[in-house]
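# Secondary and tertiary structure notes
Chain residues, written in single-letter form:
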Amino acid sequence: MAAPSPAPRPRVARPRVVVTRELPDRIMERMAALFDTELHTGDTKLSPDELRAAVADCDVLVPTVTDAIDADLIAAAGSRLKLLANFGAGVNHIDLPAARARGIVVTNTPGVLTEDTADMTMALIVSVPRRLAEGEKLVRSGEWHGWSPGGMLGHRIGGKTLGIVGMGRIGQAVAMRARAFGLAIRYHNRRRLPALLEAQLGATFHADLDEMLGVADIVTIHTPLNADSRDLLDRRRLGLLRPHAFLINASRGGIVDEEALVDALEAGRLAGAGLDVWEHEPRIDPRLLALPNVVMTPHMGSATYEGRVASGEKVIANIRAWADGHRPPDQVLEGWA
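This is a predicted model, so every value here is computed, not measured. Counting restarts for each chain: residues are numbered from 1 in the order of the written sequence. At least 70 in pLDDT is required for a residue's local features to be given in this predicted model, at least 80 for side-chain atom pairs to be given and counted, and no such filter applies to totals for whole chains, interfaces and linings, which use all residues. Heavy atoms throughout the structure, all of them, feed into the side-chain values; hydrogens and water do not.

### Side note on the side chain of S302
A helix here means a DSSP run of H or I that spans at least four residues, while a strand means a run of E at least two residues long, and both kinds are numbered starting from the N terminus. Looking at where S302 falls in the secondary structure, it is placed in the loop between β12 (294-296) and α13 (305-323). Counting of polar contacts relies on pairs of N or O atoms within 3.5 Å, with two restrictions inside protein: one atom must be capable of donating a hydrogen and the other of accepting it, and residues adjacent in sequence are counted only when both atoms are side-chain atoms. One polar contact links S302 to R308, side chain to side chain, over a distance of 2.9 Å. Contacts between residues were defined by any pair of non-hydrogen atoms, one from each residue, lying within 4.5 Å. Those residues in contact with S302, other than ones at most four positions away along the chain, are L113, D116, T117 and R308.

### Quick look at a nonpolar patch on the surface
Together, V139, W144 and W147 give the surface a local cluster of nonpolar side chains, amounting to about 440 Å² of exposed area. Structurally, W144 is set in the loop between α6 (132-141) and β6 (161-165). Exposure above 30% relative accessible area and no salt bridge define the residues that can form patches, which grow by joining like charges within 9 Å and nonpolar side chains of Val, Leu, Ile, Met, Phe, Trp and Tyr within 5 Å. Throughout, the Shrake-Rupley method with a 1.4 Å probe supplies accessible areas, and for residues the shown protein chains are the sole cover considered. For this document, the term salt bridge refers to a Lys or Arg side-chain nitrogen within 4 Å of an Asp or Glu carboxyl oxygen.

### Remarks on the nonpolar core
Generally speaking, a soluble globular protein has its nonpolar side chains buried in company with each other. Here, nonpolar core refers to any group of buried Ala, Val, Leu, Ile, Met, Phe, Trp, Tyr and Cys residues whose side-chain atoms link them within 4.5 Å. Using a 1.4 Å probe on the protein chains alone, a residue whose accessible area is under 20% of its type maximum counts as buried, one over 50% counts as exposed, and one in between counts as partly exposed. With 28 residues, the main nonpolar core has L238, L247, L261, L265 and L288 as its most contacted residues. The set of elements that each furnish at least two residues to this core consists of α9 (209-215), β9 (218-221), α11 (258-266) and β11 (272-275). In terms of residues, this core owes the most to one element, α11, which gives five residues. Ignoring sequence-local partners within four residues, the contact set of L288 consists of E258, V262, L265, L275, W278, V294 and M296. If you look at the next biggest cluster of nonpolar residues, it comprises 25 residues, including M120, I164, V174 and L201.

### As for the pairing of β6
Of all five residues in β6, five are buried; the element is thus mostly enclosed. Going residue by residue along β6, you find T161, G163 and V165 tucked away on one face and L162 and I164 tucked away on the opposite face as well. A pair of strands is considered paired only if DSSP assigns at least 2 bridges between the two. Pairing between β6 and strand β7 (residues 184-188): five bridges, direction parallel. From the neighbouring strand, L162 faces β7, where its bridge partner is I185. Where the polypeptide runs from β6 across helix α7 (residues 169-180) and back to β7, its parallel neighbour, the crossover connection is right-handed. With four bridges connecting them, β6 and β9 associate as parallel partners. For a crossover, the right-handed case is the one in which the path from the first strand over the helix to the second runs clockwise, viewed with the strands pointing away from the viewer.

### Some points on the packing of helix α1 (residues 25-34) against α13
Helix axes use the C-alpha atoms of the stretch in contact, all axes being lines fitted to C-alpha atoms, and the angles between their N-to-C directions lie in the range 0 to 180 degrees. Two elements in contact, α1 and α13, have axes whose closest approach is 9 Å; the angle formed by their N-to-C orientations is 15 degrees. Taken together, the axes of α1 and α13 lie roughly parallel to each other. For the pair α1 and α13, the crossing hand works out as right-handed. Residues R26, I27, R30, M31 and L34 of α1 touch α13, and the partners they reach there are V309, G312, E313, V315, I316 and R320. Here the contact of α1 with α13 is built from residues that sort into six nonpolar, one polar and four charged. Orientation labels follow simple angle bins: below 35 degrees gives roughly parallel, above 145 gives roughly antiparallel, 65 to 115 gives roughly perpendicular, and whatever is left gives oblique. Handedness of each helix crossing follows the sense of rotation of the near helix against the far helix: counterclockwise by less than a right angle gives left-handed, clockwise gives right-handed. Following the grouping adopted for this structure description, the nonpolar residues are Ala, Val, Leu, Ile, Met, Phe, Trp, Tyr, Cys and Pro, the charged ones are Asp, Glu, Lys and Arg, and the polar ones are all others, Gly among them.

### Describing helix α5 (residues 114-130)
Multiplying 1.5 Å by the helix residue count minus one yields the expected span of that helix. For α5, which comprises 17 residues, the first-to-last C-alpha distance of 24 Å matches the rise-based estimate of 24 Å (1.5 Å per residue) to within 8%. The buried count for α5 comes to twelve of 17 residues, which makes it a mostly enclosed element. All of the buried residues along α5 are T114, D116, T117, A118, M120, T121, M122, L124, I125, S127, V128 and P129. Remark: R131 follows α5 within two positions and exhibits a positive phi of approximately 60 degrees.

### What about the domain arrangement of the chain?
Residue ranges assigned to each domain were obtained from an automatic or database domain assignment. Domain boundaries in the chain define domain 1 (16-108 + 304-324) and domain 2 (113-143 + 154-296). Each of domain 1 and domain 2 was reduced to a C-alpha centroid, and the two centroids are 31 Å apart. In total, about 450 Å² of surface goes out of reach between domain 1 and domain 2, with carbon and sulfur atoms giving 52% of it. For the interface between domain 1 and domain 2, the tally reads zero salt bridges. Taken together, the residues of the side of domain 1 that touches domain 2 break down into one nonpolar, five polar and no charged. Accessible area that two parts lose when put together, evaluated with a 1.4 Å probe and summed over both, is termed the buried area.

### Overview of the UniProt feature "domain: D-isomer specific 2-hydroxyacid dehydrogenase NAD-binding" (unreviewed entry) in the chain
UniProt positions are given in the numbering used here, feature names are shortened, and annotations may be inferred rather than shown by experiment. When the UniProt feature table is mapped onto this chain, "domain: D-isomer specific 2-hydroxyacid dehydrogenase NAD-binding" (unreviewed entry) is found at residues 122-301. Taken as a whole, residues 122-301 contains 34% helix and 16% strand, while its terminal C-alpha atoms sit 10 Å from one another.

### Let's talk about the pairing of β9
Alternating residues of β9 divide into I218 and T220 and V219 and I221, and every residue in both groups is buried. Bridge count for β9 against strand β10 (residues 246-249) is four bridges, and the pairing is parallel. Pairing of V219 across the sheet is with L247, part of β10.

### Here's the deal with the confidence of the model for the chain
As a per-residue measure, pLDDT tells how confident the predictor is, with possible values from 0 to 100. Mean pLDDT over the chain: 93, with 96% of residues reaching 70 or higher. Every residue in residues 1-7 is under pLDDT 50, and counting partners more than four places away or in other chains gives zero contacts.

### Focus: the sheet that holds β6
The strand order β8-β7-β6-β9-β10-β11-β12 describes an open sheet built from seven strands, whose pairing is parallel. Both outer strands of the open sheet, β8 (203-205) and β12, are each paired with one neighbouring strand and no more. Strand-to-strand, the axes of this sheet are offset by a mean angle of 20 degrees, without reference to chain direction. Against the sheet, α7 makes contact with β6, β7 and β9, and its axis sits at roughly 170 degrees relative to β6, the strand it touches most.

Structure below.
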């Protein structure tokens, strides 16, 4: 006999929703119309005390990656808090086991930022070997004296090997773009892709990450930050990269041992890096700032108007489904992290 279906959860007619950061106007207007919403405007994150006050008396909290939703904060939450509707795909800033223990549902916004992040990754893949940031600074400095045969020489990316760490939505979107630039695609993933998809992407699977790192000319990271991936590219693995290789990271800073990366760049054991994320954001190692062969952008891989609005629409859909007593479409399931 089949197990009985769980009893439906009661509807929440007009949930009290606290939004921790300013979102696009159209999203904030819709939230204000649909829910009993407390909107925090301005471009600064809430303090720990403000976060505690927020979770003390709301049904839904809408945090972002800048909010540390740790076990202590969850323990301090009022009994009303039943949904963390995260604005963004990554949930490494949320203590998922603590939320589950309190019966709090966690949702995210997957898929909507795939193309934007892949575009930024491809921009970094081109920018670092071709020294675009250095060239731009040279022009602005007023010290450029015209074209010369040996001026600002970089490296061609066509014909090189791109190693992709993590072949989910974003990794596949990067592979599609990179193939058009003439790069040979290698990838490492927890699970191998179907043969048909590998053929479409022109991608070769490496079950052994170390092996892939040893043959790649450019390595790009597209895996979520969790207990398994923190410092995935540690000092030992960075040492497997060849001296002419470039490292690109538009995923999460904690996946790369930043101190080891700086040491490798300073010592010439790596040719360069393109970084959109940092291990201790917004703090950046001063040594990185001094390196000319590092292209740095301020965690802007997903920063498009279209992407922000699409993320907000997913947050609203998740809240509405939850308030209606249904399972949210983007609920973060057991084992995600």
